[in-house]
Amino acid sequence: MPTILGQNQYGKAENRVVKITRDGATHHIKDLNVSVSLSGDMDEVHYSGSNANVLPTDTTKNTVFAFAKEYGIESAEQFGIHLARHFVTSQEPVHRARIRIEEYAWERIETSDANSKFTGADEVKHSFVRKGQEIRTAQVTFDGEKWEVISGVKDLTVLNSTNSEFWGYIKDKYTTLKEAYDRILATDVSGKWRFNWTDDEQKMPNWEKSYEQVRKHLLQAFAETYSLSLQQTLYQMGARIINNRSEIDEVRFSLPNKHHFLVDLEPFGLKNDNEVYFAADRPYGLIEATILRDGCEARIPVDLTNL
Ligand SMILES: O=c1[nH]c(=O)c2[nH]c(=O)[nH]c2[nH]1
């Protein structure tokens, strides 16, 4: 044979598994990106195409989701150990398993005073904001007389593990979506807000404080809205900003609906009681709208990517 096979490995990469653990009203989230890579006696599949030694990559994917239910996700390391041990000890041709995991960290959203008076809690127990990745934006325009300041945020990722439903929508012959009465609602917030300050240097807003407050209001509105659609949540987020921040007249949001699909674990004899989800990255719903102070003009461009 003029050629020989060198190092090889295979498996399913980037399994996006989200595990919600429900401790009464307090939910915990683990969000992992798990890549499985197996190697061993795999010469024949390369040389002759015999799959006799091949555990399908599809099976390695299913194992990731099933193990999230069976073992839970204590830590990325512990989860990786369960998986690697399983592949090497259960399949004779598999001699080595490499499990790579990225973990995305979340923190709880603090509630507004109104909500904590109502619930007695200072955090919403099912609302999370992804740690450390948001980008703050600003656009300043001056024509020699008047200023226009539009501030914004992008890549601010949030998730509610309950208090979200979606039902009662149009059904035509192409509709397959099942009505949801308790779903995950997650989005990467892209938003812009326009200040009504135009010229009086004495009355310039405190930009730092304003950003912190807008961020707080939009997060709290996301966390505290019992959502019947992402459209409704979006409107609440904008309205909360306009109602609390007199320096802002207009808010525009572009919100991808980051779908989380319940994984069917029945084929493995496991019940998925709203615990293990596949976090799909595309396609996604895209919900966009402007919220205006009554009587004010819409000036933020409809397409936020142009700003
Ligand atoms: O909040 C939602 N709004 C929609 O318009 C929509 N469409 C869809 O398929 N799922 C959802 N969810």
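The sections below set out a description of the structure shown in this document. (Residues numbered from 1 in each chain as written. Predicted model: local features only at pLDDT ≥ 70, side-chain atom pairs only at ≥ 80, totals over all residues. Heavy atoms only, no water.)

If you look at the biggest cluster of nonpolar residues, it comprises 30 residues, and the most contacted ones within it are Val189, Trp193, Leu218, Met237, Ile248 and Phe253. Those elements that provide at least two residues to this core are strand E5 (123-130), strand E7 (147-160), strand E8 (185-195), helix H5 (207-224), helix H6 (230-244), strand E9 (248-257) and strand E12 (285-292). Among residues more than four places away in sequence, those in contact with tryptophan 193 are Val149, Ile150, Ser151, Gly152, Val153, Tyr211, Val214, Ile248, Glu250, Val251 and Ile300. Leu55, Val64, Ile73 and Leu83 belong to the second largest nonpolar core, which has 24 residues in total. (Core = buried A, V, L, I, M, F, W, Y, C linked by side-chain atoms within 4.5 Å. Buried < 20%, exposed > 50% of the residue type's maximum accessible area, 1.4 Å probe, protein only. Helix = DSSP H or I, 4+ residues; strand = E, 2+ residues; numbered from the N terminus. Contact = heavy atoms within 4.5 Å.)

Now for the packing of aromatic side chains. For the coordinates displayed, the defined rule picks out nine aromatic pairs. Seen from their ring centres, tryptophan 193 and tyrosine 211 are 6.1 Å apart, and the 35 degrees between their planes marks the pair as tilted. Within this pair, whereas tryptophan 193 is found in strand E8, its partner tyrosine 211 is found in helix H5, the two being separated by 18 residues in sequence. Per residue, the accessibility class of tryptophan 193 equals that of tyrosine 211, and both read buried. By way of ring pairs, the aromatic residues Phe142, Trp147, Phe195, Trp197 and Trp207 are connected into one cluster. Above the face of the tryptophan 106 ring, arginine 130 is positioned so that its terminal group lies 5.9 Å from the ring centre. (Phe/Tyr/Trp six-rings, centres within 6.5 Å; stacked < 30°, edge-to-face > 60°. Lys NZ or Arg CZ within 6 Å of the ring centre and 35° of its normal.)

A few words now on the site of the ligand. Every residue near the ligand is listed here: Phe166, Leu177, Arg183, Ser229, Leu230, Gln231 and Asn257. In the environment of the ligand, a nitrogen atom lies 3.2 Å from a nitrogen or oxygen atom belonging to the side chain of asparagine 257. Here the ligand loses 72% of its free accessible area of 300 Å² to cover by the protein chains. Put simply, the ligand lies in the second largest pocket. Partitioning the shell around the ligand into residue classes produces three nonpolar, three polar and one charged. (Near = heavy atom within 4 Å. Polar contact = N/O pair within 3.5 Å; in protein donor to acceptor, adjacent residues only side chain to side chain. Areas by Shrake-Rupley, 256 points an atom, 1.4 Å probe, with all protein chains shown as cover. 1 Å grid on protein atoms, 1.4 Å probe; cavity = no way out; pocket = protein on both sides within 12 Å on 5 of 7 lines; lining within 4 Å. Sits in = over half its atoms within 2 Å of the grid points. Nonpolar A, V, L, I, M, F, W, Y, C, P; charged D, E, K, R; others polar.)

One turn of an α-helix holds 3.6 residues; hence residues three or four places apart share an orientation. Between its first and last C-alpha atoms helix H2 (residues 57-70) spans 20 Å; for 14 residues at 1.5 Å apiece the expected length is 20 Å, and the two agree. Thr60, Thr63, Val64, Phe65, Ala66, Phe67 and Ala68 are the residues of H2 that are buried. Its buried side turned inward, H2 meets strand E1 (15-23), strand E2 (26-40), helix H3 (76-90) and strand E11 (276-279). Immediately beyond the C-terminal end of H2, within one or two residues, lies glycine 72, with a positive phi of roughly 70 degrees. (Expected span 1.5 Å × (residues − 1).)

Turning to the packing of H2 against H3, a few remarks are in order. In contact at an axis separation of 11 Å, H2 and H3 are set at 135 degrees when each is read in the N-to-C sense. Relative to H3, the element H2 lies oblique. H3 is crossed by H2, and the crossing has right-handed handedness. Each of Thr60, Thr63, Val64, Phe67 and Ala68 in H2 lies in contact with H3, whose residues at this interface are Phe79, His82, Leu83, His86 and Phe87. In the contact of H2 with H3, the residues fall into six nonpolar, four polar and no charged. (Axes fitted to C-alpha atoms, helices over the stretch in contact; angles between N-to-C directions. Parallel < 35°, antiparallel > 145°, perpendicular 65-115°, else oblique. Left-handed = near helix turned anticlockwise from the far one by under 90°.)

Evaluation of the coordinates by the stated rule reveals 15 salt bridges. Note that aspartate 58 and lysine 61 form a salt bridge whose closest N and O atoms lie 2.9 Å from each other. With aspartate 58 and lysine 61 both in helix H2 and three residues apart, the pair spans about one turn of that helix. What makes aspartate 58 partly exposed here is its relative accessible area of 37%. (Salt bridge = Lys/Arg side-chain N within 4 Å of Asp/Glu carboxyl O.)

Within E5, six of the eight residues are buried, which leaves the element mostly enclosed by the surrounding structure. Direction of pairing for strand E4 (residues 106-110) relative to E5: antiparallel, over a ladder of four bridges. Within E5, the residue paired with tryptophan 106 across the bridge is arginine 130. Across three bridges, the pairing between E5 and E7 is antiparallel. Counterpart to valine 129 in the pairing with E7 is valine 158. (Pairing = 2+ DSSP bridges.)

Quantified by volume, the largest pocket comes out at close to 710 Å³. If you trace the largest pocket, you find 33 residues lining it, with Asp155, Asp188, Pro256, Lys258 and Tyr284 closest to the centre. Elements supplying a minimum of two residues to the lining of the largest pocket: E2, E7, E8, E9, E11 and E12. Partitioning the lining of the largest pocket into residue classes produces 13 nonpolar, eight polar and 12 charged. Roughly 600 Å³ of volume is contained in the second largest pocket. As for the second largest pocket, its lining consists of 21 residues, and the residues nearest its centre are Leu177, Lys178, Ala180, Arg183 and Phe261. Counting only elements with at least two residues in the lining of the second largest pocket, the list comes to H6, strand E10 (260-262) and E12. (Points joined across faces, edges and corners; volume = space filled by probe spheres on them.)

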